[in-house]
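# Coordinates in review
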Amino acid sequence: MTRSSAPDPKSDLHRYLRDARQAVLWKLDGLSEYDLRRPMTPTGTNLLGLVKHLTGAEALYFGATFGRPFDAPPLWITGDAEPDADFWATPEESRELIVDGYRTAWAHADAVIDALALDAVGRVPFEPHPELTLQQALLHMVAETGRHAGHADVVRELIDGAAGLRERDSNLPPGDRERWAAHRARVEHAARTAADRAPAAGG
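A quick note: this is a predicted structure, and the numbers were derived from the prediction, not measured.

This part covers the overall build of the protein chain. Along its length, the protein chain carries six helices and two strands. Each helix (α) and strand (β) of the protein chain, taken in turn from the N terminus, gives the series α-α-α-α-β-β-α-α. Taking the intrachain contacts of the protein chain between residues at least 6 apart in sequence as the baseline, contacts between residues at least 24 apart amount to 70%. Counting only carbon and sulfur atoms, one obtains 55% of the accessible surface of the protein chain, whose full area is about 12500 Å². Once the 23 positive and 31 negative side-chain charges of the protein chain are each reduced to a mean point, those two points are 7 Å apart.

Here it is, written out as structure tokens:
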């Protein structure tokens, strides 16, 4: 009987982070300069801004936190930028600049992850300066990147209808435009029926 290999939590977390990074960048493929930047929600969520924000987050949690600072867009939450500055791209910040910066941040983060043990302790460089292990930093960035990959899914679908996890594995049931229109209509009907049956607010 062949034994399975021993679990490797660091490799597992790192793999999930890498997959989420790629999912975010794939959402940019084939879009115009305007569509990459256009705000698609009332709070201004846009694809290139999500990439810019994640670049700063990787630099923070795998760089400055562990005494290995890396030049990247500052996060507004740290107090080093105006509100939401890391969530949108100025006209002077090209697509190539932001995407290349994200990939460079990956390389820096990957080197730190490879060099340190999961129980290595760093300190977040803004108030209240909590201590953080590499394992906690990895968990945080897997969750954060996955969350923003979900934002990117919705934003891209609103722009041109493109949907799915990645190019060769959409992770969606098969269906053409007509099938999805019928599905949406069915969901809409269910929502309206449930609303009609619900008791009136305050009743």
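Now that the structure has been shown, we can carry on.
Let's shift gears to the packing of aromatic side chains. The geometry of an aromatic ring pair is captured by the separation of the ring centres together with the interplanar angle, meaning the angle of the planes. For the coordinates displayed, the defined rule picks out one aromatic pair. Aromatic pair Tyr-102 and Trp-106: ring centres 5.0 Å apart, planes at 75°, arrangement edge-to-face. You can see Tyr-102 and its partner Trp-106 sitting in helix H4 (residues 95-115), four residues apart, about one turn around the helix. Comparing Tyr-102 with Trp-106, the two get one shared label, buried. The ring of Tyr-16 carries the charged tip of Arg-15 above its face, separated from the ring centre by 5.4 Å.

For the rest of this paragraph, the subject is the side chain of Asn-46. Along the chain, Asn-46 turns up in the loop between helix H2 (33-37) and helix H3 (47-62). A polar contact of 2.7 Å, which involves the side chain of Asn-46, links it to the backbone nitrogen of Gly-49. Not counting the four nearest positions on each side in its chain, Asn-46 is found in contact with Leu-36, Arg-37, Arg-38, Pro-39, Phe-87 and Trp-88.

The contact between H3 and helix H5 (residues 134-160) brings their axes to 10 Å, and the two run at 175°. Taken together, the axes of H3 and H5 are roughly antiparallel relative to one another. For the contact of H3 with H5, the per-class residue count stands at 13 nonpolar, five polar and three charged.

The subject of this paragraph is unusual backbone geometry. One non-glycine residue, Asp-84, lies in the positive phi region at around 70°. Position of Asp-84 relative to the elements: it lies in the loop between H3 and H4.

Basis of the calculations
Residues numbered from 1 in each chain as written. Predicted model: local features only at pLDDT ≥ 70, side-chain atom pairs only at ≥ 80, totals over all residues. Heavy atoms only, no water. Helix = DSSP H or I, 4+ residues; strand = E, 2+ residues; numbered from the N terminus. Contact = heavy atoms within 4.5 Å. Areas by Shrake-Rupley, 256 points an atom, 1.4 Å probe, with all protein chains shown as cover. Lys, Arg positive; Asp, Glu negative; His and termini not counted. Charge placed at Lys NZ, Arg CZ, Asp CG, Glu CD. Phe/Tyr/Trp six-rings, centres within 6.5 Å; stacked < 30°, edge-to-face > 60°. Buried < 20%, exposed > 50% of the residue type's maximum accessible area, 1.4 Å probe, protein only. Lys NZ or Arg CZ within 6 Å of the ring centre and 35° of its normal. Polar contact = N/O pair within 3.5 Å; in protein donor to acceptor, adjacent residues only side chain to side chain. Axes fitted to C-alpha atoms, helices over the stretch in contact; angles between N-to-C directions. Parallel < 35°, antiparallel > 145°, perpendicular 65-115°, else oblique. Nonpolar A, V, L, I, M, F, W, Y, C, P; charged D, E, K, R; others polar.

Fair warning: the whole summary comes from geometry, so function is off the table for now.
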